[in-house]
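These are the residues of each chain, in order.
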Amino acid sequence: MSAGTAKLNVTVAEVKPVNDLVTRFKFVRTGGGDLPTFSGGAHTVVEMQDGDITRLNAYSLMSNPADRGAYTISVRRDDQGRGGSRFMHGRVKEGMEMVISNPVNLFSLDLRAKKHLMLAGGIGITPFMAQMHQLAMMGGHFELHYAVRTASLGTYAKELSERYPGKVHIYHDDQNEAIDLKTLLANQPLGTHVYVCGPKGMINWVHSTAGEMGWPREAVHSEEFLAPASGKPFEVKCAVSNKIVQVGEHQSLLEALEAAGIDAPYLCRGGACGQCETNVIGYDGKFLHYDHWLTDEQKAGGKHIMPCVSRFEGKTLVLDR
Amino acid sequence: MSKTQFPPSITSRPVYGELEARSGSGHLMIADAEGAEAILDLAKSVDKAFWAKAHIIYIPKTTGTAYSSQLEELGAGQFYAGPSYEAAQSRIRRALQDCHMGTQVYLSGTEGLMGQAMAEATAAGIPHTAIQTEHRGSTARRMQCVHCKGITEDVTTDPFECSHCGLSLFVRDHYSRRLAAFQGVRVDAEDPGNIPEKVELFK
Ligand code: FES
């Protein structure tokens, strides 16, 4: 597979349940040695050998970027999901050898900012953990507002409050606590950048509220990896490799291409990075564009598709792969 | 004063737009000379509530009181008219220090004014792409001499004499956002003494 980035052979050094939903995994380089450096906000794509299915999921690195001895990720179990997180929770054990990708950062800090305002929802906390390590080391100015469902599901909430006293604010849904976004945004000094990672609704809320309040677009950052959507099976003709590929109900187009041995690049597998963009040579049917990479015009134009998350319904689809 | 159409140039040369009222927690407007017209035009489309949150910093230059009374009548929360950019600078810095994210910045007038105010606003933390500009009035340029680093304001001819070291300088389109100035390079470097006739390029 020629995907965007080099692979790393790692060994699982620790598997630690954090709460009812979240488990933490620590990877060290198989055979010893340092791992590549990364910057706060980076993710790695973890390959999971699940029988004859290879699952590839992107997870944010949450460890200290200055620590090259190990990478740490946290995985939230999604019982309704396609199986990646269940595999991580159920099958990954200490001592197991795995393959992960080199870190890629699609959610980096804008270091020109005078202040970093971080808004996290649920498992969206993980990229901020590495960023806070980085900022604490640099003496950067930051503040975290973290919405959790309940105290017991507040992944790392306690640790973070202790590690960064005064900078961490926790909001519990079950106690009807909510981030007062308008007031929070209204009081930020010039040069503040806001970062949000969490559920889609939260991301949209922050973008639209900040926009209405006159925040420059460049000062609002978000990260959301989409899970590939399921849908009706469909067939794709790959013009370059001259193959016909079947895409299953719960399989993404990208996964189907990979399974057929077709060169298909990716970086995020979540519709965010643009790396997998593929030209459409011909089609008869309709696209189900789920990505947030293509513009609305491009989506309507029928000339491009993002195979990591998007699907197709109809008679024929011919791709430039 | 009609609006200037600048000919296409290299990418470092700034391009200017047309001011439009945007929603925000405050409105900081900095203008010189005919730049007042851009604010007065914008005023046609906004209401009282907009002006309550506005701060106008105006440098009339040679226009005297032709515009300042009209600007004052807009009823901005704060209005200041000052004799020069240098005189207004501490007020600009203070205004930027006091405002919060969500404040809109509007610059209009000469390139020298817009460039310098832009440098202040970006240093204060506003991305330059979020700052609105509209050129009005003189096209005179603020030039930096690449040899002695001195800055000459309101240059209207090419070549021109550096007001610091006296060299004759060729007016380039190469622009430094940090210095808010175009670059002037010695015109007779290869053939000392061979200085082309001055042309009045800017008015
Ligand atoms: S792999 Fe990133 S958008 Fe598809």
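Residues numbered from 1 in each chain as written. Chains lettered and ligands numbered in written order. Predicted model: local features only at pLDDT ≥ 70, side-chain atom pairs only at ≥ 80, totals over all residues. Heavy atoms only, no water.

Student: Go over helix H4 (residues 85-98) of chain B, please, and point to the residues and values.
Tutor: Residue and element names in this part refer to chain B. With 14 residues, H4 extends 19 Å between its outermost C-alpha atoms, agreeing within 8% with the 20 Å of an ideal straight helix rising 1.5 Å per residue. Residues of H4 that are buried: Tyr85, Ala88, Ile92, Ala95 and Leu96. Buried residues belonging to H4 abut strand S1 (26-32), strand S2 (54-59), strand S3 (78-81) and helix H5 (111-123). (Helix = DSSP H or I, 4+ residues; strand = E, 2+ residues; numbered from the N terminus. Expected span 1.5 Å × (residues − 1). Buried < 20%, exposed > 50% of the residue type's maximum accessible area, 1.4 Å probe, protein only. Contact = heavy atoms within 4.5 Å.)

Student: Tell me about a nonpolar patch on the surface, and name the residues and values.
Tutor: Residues Leu111, Met137 and Met138 of chain A make up a contiguous nonpolar surface patch of roughly 320 Å² in combined accessible area. You can see methionine 137 of chain A is positioned in helix H2 (residues 126-138). (Patch = residues over 30% accessible without salt bridge, like charges linked within 9 Å, V, L, I, M, F, W, Y side chains within 5 Å. Areas by Shrake-Rupley, 256 points an atom, 1.4 Å probe, with all protein chains shown as cover. Salt bridge = Lys/Arg side-chain N within 4 Å of Asp/Glu carboxyl O.)

Student: Describe the packing of aromatic side chains, and please don't skip the residues or the numbers.
Tutor: Considering all chains together, one arrives at 12 aromatic pairs over all chains under this definition. Centre to centre, the rings of tyrosine 283 of chain A and phenylalanine 312 of chain A are 6.4 Å apart; their planes meet at 90 degrees, and the pair counts as edge-to-face. One end of the pair, tyrosine 283 of chain A, is in strand S15 (residues 278-288); the other, phenylalanine 312 of chain A, is in strand S17 (residues 311-319), and 29 residues separate them in sequence. Summarising the aromatic geometry, the rings of phenylalanine 50 of chain B and tryptophan 51 of chain B are spaced 5.1 Å apart at their centres and angled 85 degrees between planes, so their arrangement reads as edge-to-face. Assessed through its relative accessible area of 7%, phenylalanine 50 of chain B is described here as buried. The buried category is assigned to tryptophan 51 of chain B, whose relative accessible area is 5%. Taken together, the ring pairs in this structure connect Phe234, Tyr283, Phe287 and Phe312 of chain A into an aromatic cluster. Between lysine 167 of chain A and the ring centre of phenylalanine 142 of chain A, over which it is positioned, the NZ or CZ distance is 5.0 Å. (Phe/Tyr/Trp six-rings, centres within 6.5 Å; stacked < 30°, edge-to-face > 60°. Lys NZ or Arg CZ within 6 Å of the ring centre and 35° of its normal.)

Student: Go over the sheet that holds strand S10 (residues 168-172) of chain A, please, and point to the residues and values.
Tutor: Residue and element names in this part refer to chain A. The five strands lie next to each other as S10-S9-S8-S11-S12, forming an open sheet whose pairing is parallel. The open sheet has two edge strands with one neighbour each: S10 and strand S12 (220-223). The sheet shows a mean angle of 15 degrees between the axes of neighbouring strands, direction not considered. Relative to S12, strand S11 (residues 192-197) runs parallel, the two being bridged by four bridges. Bridging from a neighbouring strand, valine 194 pairs with valine 220 of S12. Here H2 sits on the sheet in contact with strand S8 (115-121), strand S9 (142-148), S11 and S12, set at roughly 155 degrees to S8. Against the sheet, helix H5 (residues 200-212) engages S8, S11 and S12, with an angle of about 170 degrees to S12. (Pairing = 2+ DSSP bridges. Axes fitted to C-alpha atoms, helices over the stretch in contact; angles between N-to-C directions.)

Student: Explain the interface of chain B and chain A to me, using residue names and the numbers behind them.
Tutor: The partner chain A presents 17 residues to the 16 residues of chain B that form the contact. Considering only the side of chain B, the residues that lose the most area to chain A are His100, Met101 and Pro127 of chain B, jointly responsible for 47% of the buried surface there. Here chain B and chain A share zero salt bridges between them. Connecting chain B to chain A are five residue pairs in polar contact (both at pLDDT 80 or more). Across the side of chain B that touches chain A, the residue classes tally to eight nonpolar, eight polar and no charged. (Buried area = accessible area lost by both parts, 1.4 Å probe. Polar contact = N/O pair within 3.5 Å; in protein donor to acceptor, adjacent residues only side chain to side chain. Nonpolar A, V, L, I, M, F, W, Y, C, P; charged D, E, K, R; others polar.)

Student: Give a detailed account of the pattern of salt bridges, specifying residues and quantitative values.
Tutor: Evaluation of the coordinates by the stated rule reveals 28 salt bridges over all chains. Two residues, glutamate 224 of chain A and lysine 200 of chain A, come together in a salt bridge whose shortest N-O distance is 3.8 Å. Here the residue glutamate 224 of chain A occupies a position in the loop between S12 and strand S13 (234-238), and lysine 200 of chain A occupies one in helix H5, the gap between them amounting to 24 residues. Look at glutamate 224 of chain A and you get buried, because its relative accessible area is 16%. By relative accessible area, lysine 200 of chain A is classed as partly exposed at 43%. Where arginine 142 of chain B meets glutamate 153 of chain B, a salt bridge forms, and the shortest distance between an N and an O atom there is 2.5 Å.

Student: Account for the nonpolar core, with residues named and values stated.
Tutor: Within the largest apolar cluster, 42 residues are counted, with the highest numbers of intra-cluster contacts made by Leu119 and Trp215 of chain A together with Ile30, Leu96, Leu107 and Ile126 of chain B. Leave out the neighbours within four places in its chain, and tryptophan 215 of chain A touches Leu185, Gln188, Thr192, His193, Val194, Ala210 and Val220 of chain A together with Met101 and Gly102 of chain B. If you look at the next biggest cluster of nonpolar residues, it comprises 27 residues, including Leu56, Phe234, Leu254 and Ile262 of chain A. (Core = buried A, V, L, I, M, F, W, Y, C linked by side-chain atoms within 4.5 Å.)

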